[in-house]
There are 4 protein chains.
Amino acid sequence: MVKAGIIGATGYAGQTLVGILTNHPDAEVAFVSSNSYAGQKFSEIYPQYYEICDQTLLSTEEAKDAIGDVDVVFTALPNGLSFDIAKKAMAAGKKMVDFSADYRLDDVKVYEEWYKTEHQAKELLAQKVYGLPELWRDQIKGASLVANPGCYTTASIIAVSALVREEGLIDTNHIIIDAKSGITGSGRKKDISLLYSEAGESVKAYGIAHHRHTPEIEQEVSKAAGKDIMVQFTPHLMPMKHGIFATIYADLNKNVTTDDIYDVLENAYGDEKFVRIRKGMCESRFVVGSNYCDLSARVDERTHRVIISSCIDNMVKGAAGQAVQNMNIICGLDEAEGLSNLSIVAP
Amino acid sequence: MVKAGIIGATGYAGQTLVGILTNHPDAEVAFVSSNSYAGQKFSEIYPQYYEICDQTLLSTEEAKDAIGDVDVVFTALPNGLSFDIAKKAMAAGKKMVDFSADYRLDDVKVYEEWYKTEHQAKELLAQKVYGLPELWRDQIKGASLVANPGCYTTASIIAVSALVREEGLIDTNHIIIDAKSGITGSGRKKDISLLYSEAGESVKAYGIAHHRHTPEIEQEVSKAAGKDIMVQFTPHLMPMKHGIFATIYADLNKNVTTDDIYDVLENAYGDEKFVRIRKGMCESRFVVGSNYCDLSARVDERTHRVIISSCIDNMVKGAAGQAVQNMNIICGLDEAEGLSNLSIVAP
Amino acid sequence: MVKAGIIGATGYAGQTLVGILTNHPDAEVAFVSSNSYAGQKFSEIYPQYYEICDQTLLSTEEAKDAIGDVDVVFTALPNGLSFDIAKKAMAAGKKMVDFSADYRLDDVKVYEEWYKTEHQAKELLAQKVYGLPELWRDQIKGASLVANPGCYTTASIIAVSALVREEGLIDTNHIIIDAKSGITGSGRKKDISLLYSEAGESVKAYGIAHHRHTPEIEQEVSKAAGKDIMVQFTPHLMPMKHGIFATIYADLNKNVTTDDIYDVLENAYGDEKFVRIRKGMCESRFVVGSNYCDLSARVDERTHRVIISSCIDNMVKGAAGQAVQNMNIICGLDEAEGLSNLSIVAP
Amino acid sequence: MVKAGIIGATGYAGQTLVGILTNHPDAEVAFVSSNSYAGQKFSEIYPQYYEICDQTLLSTEEAKDAIGDVDVVFTALPNGLSFDIAKKAMAAGKKMVDFSADYRLDDVKVYEEWYKTEHQAKELLAQKVYGLPELWRDQIKGASLVANPGCYTTASIIAVSALVREEGLIDTNHIIIDAKSGITGSGRKKDISLLYSEAGESVKAYGIAHHRHTPEIEQEVSKAAGKDIMVQFTPHLMPMKHGIFATIYADLNKNVTTDDIYDVLENAYGDEKFVRIRKGMCESRFVVGSNYCDLSARVDERTHRVIISSCIDNMVKGAAGQAVQNMNIICGLDEAEGLSNLSIVAP
């Protein structure tokens, strides 16, 4: 039985992790912690967990002291707040899966430029692994520190990597990612703009040209391409709770058909349990509540462009589900354990 | 041209008032004020008003000094904050329409018991009028201080008054009002429970047995009945922005049919511009964006009960629209002026 | 391994059943059928099931021929369409859980009066059991034909039964059930009134005084009370996909407190896995995706009334989840098997 | 008083037109017609119009006979159904504003290729004017037959035209329009995919590479550029009723800043009543219920691209509002008449 500690359990990603681990046959939640709600029961903050997870929330300090008692530490804290936790967990020989951006970027300069924070655990960057199993499974196997990818980045990287790995398939100077996210992606914040009365029945773009997931996407697709790539990434907020729908545009360098692109996707992910290649169109609701990333493709022969649709649940494959997938890998469990059940709420 | 000053313009009711007066042929917004946003433009807080209302928001203090320049003062502040404004407006011989509960209750003891605040302008209670034109039009005509009714209360009182005025029609000991409101009714507050990610796709009851609109409903229906009446009032929050749907249950003392009840409603409101009596069923969307109160009725011959549905837009007939209706009356304008246009957003 | 056949798998209740059984450790979906979509893959109708349930949908006729191969037949068809299926299943010595109203009512006259259909399997009414485990667990154990309760009725009966079983606690002549349901409750129908553009952001009542769940509620609460009871039941449609919130009003005959009512609920359901008694307020989202029925209570000492809130997911405890709970009981499995996992989509 | 006849009044665009004209000071609705609902009252189909527009719906045939009695005919019918109406209206010397695509495309070959219909009034194409006042005001003034633009096209053309008119500002080979629309844009159709239970809380793309608004956008932006331009247009459906948000990407040929782009927009639309240039970000709710097109711009200096956000209400500036704007122009009224009032439902 894998003992898991969740530091930062009362954000949306943290609570989703609690939900998944509560149903995991080979893992158990050893402790949950929260800065804002320490001392209260988890089910007081998320009443849907009443009689399911009534554990008392530790403070972050108490959580640090409890690291010794667990096998895996999950940190779902804001960026820049888990440096010392990581050091402590590594020193104690524990495994750690971090939800923040603190260990995702290989180049500390890029991190400090985009996140405007000084990195206080540079020495750990060498040993961390970027936790996207579909790309880095072998490296994750032996890892102690896993940087769990962002939500937009997961949907984007899975789709774009497959294209850029095909030598000369697309013009890597014109990759545009127009992403649409549910509102849980903005977190559980006391923010007027996130109120139902404001965010409901409306769409907006944000962070145009400056969203911090941009360098993360560029890092990973550049590695896949074997050369530096810049992408245009624009996130939007939709009036829905869960889900990300990324629409990806790339100019084609070759005369290919939609079927050819599906072959490319098949080659890349045909054996992946959590990537589904759809001949029909994607809809975000098809993946909500699950750990799937759905992909569909269309070639526009008129404009010589390929348009890829990539969908995930931002809280599952985009956060907690992927974190458990990583936990399963580093703990030698079946990668899909605790993740195979589709939410029964669909449609 | 009626000069109107709006104190507390950046709440949802206040902003709706700005919207209505901006389109009013015989009124103009002389000033808008806000505690939280003084010094900013109204359209910075509500960008939909860009190029429509770009006035700079006064502080409450500046607004008080500006009372002298207007004909009508609208106060859309939290309860207990407009006592001195009312005194000043009355002293200056101005008209005032207040959105709070401060002048709605005739009995100061009831006010202080339910609102846990000491009333600091008791002397004004004698001269105030309860601003429900369908019941108190003649009194409103000459009034200087109009207490604009609450949203739930407007929907409830219009329906129940018609029933209780019919001698012996219903058993006044068993009146149950189950009301469903859109989320704007909870205001523009930094409150986790009002986030789209929390309030969306869910329903809840709140304030059971203790909601402050209860004594207001009881006061008005008791006057209509000519005897003291207690009602059971339970509000619910729905995942929608606007609208109130009140389902009202009363035991019948007479053998009457649905048609008989429609005659009762016809007699009560047949000539009212802003009350629509529907043979078909009400839906809250049918009144959203308008100043209408829609009513429909069904008699259950099996249980000898009448069920009335009453719908309003909580921000229009439940707040700003009714306030303008009151302004029109006290200023001698056509009661419907500026209120006849149905929102073109429907459906 | 329990072999289950699902007749009528493409309605919302049917597809939820597929979802639950797909994750059930001791059951498997032997076949799925559909009148409208026979010959197509289940995952073509519900693409979220791609790579999860790609079985080809049988026609109803083919499904009947396949009854012999399964242990349990689930029928999720419109009322009046499963009479011959039930006869065939019983003749073949199979277990059957029926989602329609055809076997819920003990009195065939009541059925024919409210459903305006002639009952064509009267002989089976004697052996059927009403499938509400919290009330009829022992009878269900040995049953072959289980009438799975309706959604509104499940939420209502669980709450009201506890009250009426307390000798003299409430005045059984004034029980009012004001229920609010998500739109999946209206089914997967080509109906303009169910379009997002119509049903979104709005509330309506329907079936006032005539909804067919009324006699079903009355039958069960009358049994619990040991005398005939009439209830006032009014359903409403809310702009949300899943969930039912029932607000139940009853006049008190005794001087009791909120705590006393909680004792009553504790005595009735304290040991029930799928009934959660909440001291805090219910919200429909707290049960969405789960098989729970949440209850909370408040006494209004001013009006001498008790108000109970009862919430379920209309598709889970109100349909497919309860059906699986019944299957578990009649097949001798752990009653909670396959039902313990809370949807990970929350909130 | 302009007499207007509305043929096809019960679609969402038609009903919005009824709503606007009902409030228009210098126009009146002479008749409304409907194929599906002829003989019923308009307010039976749209109950929100009860006591506002209770006119009986004519059949299309009756409507044709009534053309002689009106000044302006509005046709809001599916593509290909108003050819003979247009001939009749022109023969009778009437003005006509058509909502379909039948007269939008200059080249009949392009029409027949994209719409798979034979054009049956080719002779009228020479005299029609494309009804986008911000581009073709002078031509509209004298026109008899106005082709009212599509919703996606209005939002797209207004934004892109300004860019391409600037000699050498952008690379016209890489214009990508990623558009997000509310569900009313899919019409009032008995279509499972448009049900609240399906379309709610989800996003999808549709018509990738083949949407019929593509040639319309290309025709107009090519004229503005003075050369042939192809665009990549991808529409998406959002869980909201109203509004379009178009995100437009173009590669820059010059070193320009965000401010420079705002100068370009100012030059193009600074004097336009219904185009608002926002320094802040657009949100679709800011224009819902109004006839505005909101524009904002950002230059990504890292990627040398400009990203324009363009928002309209698909039913107002994208359909009925623009149609009334056109009517005002061709009838010599103030262009903004009946269109200046912002919906009071906001937010």
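All of these numbers come straight from a predicted model, not from anything done at the bench.

Procedures and definitions
Residues numbered from 1 in each chain as written. Chains lettered and ligands numbered in written order. Predicted model: local features only at pLDDT ≥ 70, side-chain atom pairs only at ≥ 80, totals over all residues. Heavy atoms only, no water. Helix = DSSP H or I, 4+ residues; strand = E, 2+ residues; numbered from the N terminus. Rg over C-alpha atoms; globule rule 2.2 N^0.38 Å. Buried < 20%, exposed > 50% of the residue type's maximum accessible area, 1.4 Å probe, protein only. Contact = heavy atoms within 4.5 Å. Lys, Arg positive; Asp, Glu negative; His and termini not counted. Charge placed at Lys NZ, Arg CZ, Asp CG, Glu CD. Pairing = 2+ DSSP bridges. Axes fitted to C-alpha atoms, helices over the stretch in contact; angles between N-to-C directions. pLDDT = per-residue confidence, 0-100. Parallel < 35°, antiparallel > 145°, perpendicular 65-115°, else oblique. Nonpolar A, V, L, I, M, F, W, Y, C, P; charged D, E, K, R; others polar. Buried area = accessible area lost by both parts, 1.4 Å probe. Salt bridge = Lys/Arg side-chain N within 4 Å of Asp/Glu carboxyl O. Least-squares fit on C-alpha atoms with pLDDT ≥ 70 in both.

Draft legend 1. Quick peek at the overall build of chain A. When helices and strands are tallied, chain A shows 11 helices and 13 strands. For a compact globule of 347 residues, the expected C-alpha radius of gyration is about 20 Å, and chain A comes in at 20 Å, within 12% of that figure. The dimensions of chain A, computed from C-alpha atoms along their principal axes, are 60 × 45 × 40 Å. Looking at chain A residue by residue over its 347 residues, the buried ones come to 68%. Excluding contacts between residues fewer than 6 apart, the proportion of contacts in chain A whose partners are at least 24 apart in sequence is 68%. Where the 34 positive side-chain charges of chain A centre and where its 47 negative ones centre are 2 Å apart.

Draft legend 2. View of the sheet that holds strand β10 (residues 244-252) of chain C. Residues and elements named next belong to chain C. If you trace the seven strands from one edge of the open sheet to the other, you get β8-β9-β7-β10-β13-β12-β11, paired in mixed fashion. Strands with a single pairing partner mark the edges of an open sheet, and in this sheet they are β8 (204-205) and β11 (275-277). Of the strands in this sheet, β10, β11, β12 (293-300) and β13 (305-312) are in contact with helix α10 (residues 258-269), which crosses β12 at around 150°.

Draft legend 3. Representation of the confidence of the model for chain A in the model. Per-residue pLDDT for chain A averages 96, and the proportion of residues at 70 or more is 98%. Reported for the predicted complex are a pTM of 0.97 and an ipTM of 0.97.

Draft legend 4. The packing of helix α7 (residues 151-165) of chain D against helix α10 (residues 258-269) of chain D, seen in detail. All names here are of chain D. Put simply, α7 and α10 touch, their axes get as near as 9 Å, and they point 110° apart. Of the possible angle classes, the one that applies to α7 and α10 is roughly perpendicular. Here α7 contributes Ile-157, Ile-158, Ser-161, Ala-162, Leu-163 and Arg-165 to the contact with α10, which in turn contributes Ile-261, Val-264, Leu-265, Ala-268 and Tyr-269. When grouped by side-chain class, the residues that make up the contact of α7 with α10 number nine nonpolar, one polar and one charged.

Draft legend 5. Highlighting the interface of chain B and chain D. Facing 35 residues of chain B, the contacting portion of chain D comprises 34 residues. Interface area, chain B with chain D, both sides summed: about 3300 Å², of which 57% is carbon and sulfur. Between the two partners, chain B and chain D, sit zero salt bridges. For the side of chain B that touches chain D, the secondary structure elements donating two or more residues are α1 (12-22) and β11 (275-277) of chain B. Split by residue class, the side of chain B that touches chain D holds 18 nonpolar, 10 polar and seven charged.

Draft legend 6. Summary view of the relation of the copies chain B and chain C. Rotating chain B by 180° and moving it 0.0 Å along the rotation axis overlays it on chain C with an RMSD of 0.0 Å. Read as a symmetry element, the transformation amounts to a two-fold axis. If distances are taken from each C-alpha of chain B to the rotation axis, the shortest is found for Pro-239 of chain B, at 3.1 Å. Interface residue correspondence from chain B to chain C reaches 100%, placing this contact among same-surface, isologous pairings.

Draft legend 7. Here's a closer look at the pattern of salt bridges. One pass over the full model with this rule turns up 92 salt bridges over all chains. A salt bridge links Asp-178 of chain A to Lys-180 of chain A; the shortest N-O distance between them is 2.8 Å. A salt bridge links Arg-302 of chain C to Glu-218 of chain B; the shortest N-O distance between them is 2.6 Å. Pair noted here: Arg-302 of chain C is in the loop between β12 and β13 and Glu-218 of chain B is in helix α9 (residues 213-225), and the two residues belong to different chains. The class of Arg-302 of chain C is partly exposed, set by a relative accessible area of 28%.

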